[in-house]
Amino acid sequence: MWFASWHSTLQVVFRAAVAYVVIVGALRVLGEQVLAKMRAYDLVVTITLGSVVANIPFASDVATVDGIAIMITFVTLQEGIRWAQARSKTARRIVTEKPRVVVWDGRLLTDRVQQWRLTVEEIRAAVRRAGVASFSDVQAVVLENDGDWSVVLRRDCGADRSAFEGLDLPEPRAE
């Protein structure tokens, strides 16, 4: 069907505009951190929220107010999780993946690469993006919980290694 009626078209436009205003309002209230680098659970909520927003104009069996209630519920739950993570280590541990060390002291940790189903090629790419030519120049390569790779060079790693606190570091090599 190409065109049903102006009434149905205006109804879709109105419902889409209401959904748009609600989502923009929610983003203004919640702030820019909502749009910052996403973790897995953020991505799931974003996709779900996008689906709800997309369905509001077209789902005639769902009232606009019901769609808005769904959006507000997802955003409120998301902020509740963010609030809990900021105040509780247990909540952080449940919701977020720990960063994963895959190179330590210049040595590729092949058991971890296999365990986490990573590839050596993606680790090499991360090292190259850091402008480094050799693993031997690297103190650590960490797959962060947001999916980014951190590469710390040996020359930048002094006695204070507090940035590695809480990470599962391998035992020192027997020399």
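Calculation notes
- Residues numbered from 1 in each chain as written.
- Predicted model: local features only at pLDDT ≥ 70, side-chain atom pairs only at ≥ 80, totals over all residues.
- Heavy atoms only, no water.
- Pairing = 2+ DSSP bridges.
- Helix = DSSP H or I, 4+ residues; strand = E, 2+ residues; numbered from the N terminus.
- Contact = heavy atoms within 4.5 Å.
- Axes fitted to C-alpha atoms, helices over the stretch in contact; angles between N-to-C directions.
- Phe/Tyr/Trp six-rings, centres within 6.5 Å; stacked < 30°, edge-to-face > 60°.
- Buried < 20%, exposed > 50% of the residue type's maximum accessible area, 1.4 Å probe, protein only.

(A) Broad picture of the sheet that holds strand E3 (residues 138–143). Taking strand neighbours across the sheet as the criterion, the four strands line up as E2-E1-E3-E4 in an open arrangement whose pairing is antiparallel. Edge positions in the sheet fall to strand E2 (107–108) and strand E4 (149–153), since each has one partner strand and no second. Inspection of the sheet shows strand E1 (residues 100–104) paired to E3 by four bridges, in the antiparallel sense. Across the sheet, the residue bridging to tryptophan 104 is alanine 140, located in E3. Across the sheet, helix H6 (residues 120–129) is in contact with E1, E2, E3 and E4; its angle to E4 comes to roughly 60°.

(B) Quick look at the side chain of glutamine 139. Relative to the helices and strands, glutamine 139 is located in strand E3. In this view, glutamine 139 contacts Val103, Trp104, Asp105, Gly106, Val152, Leu153, Arg154, Cys157, Arg161 and Phe164; residues no more than four positions away in its chain are not counted.

(C) Broad picture of the packing of aromatic side chains. Following the criterion strictly, the structure yields one aromatic pair and no others. Note on tryptophan 104 and phenylalanine 164: the rings are 5.0 Å apart at their centroids and 90° apart in plane angle, and the pair reads as edge-to-face. Here phenylalanine 164 lies in the segment after E4 and tryptophan 104 lies in strand E1, a separation of 60 residues in the sequence. Accessibility assignment for this pair places tryptophan 104 and phenylalanine 164 in one class, buried.

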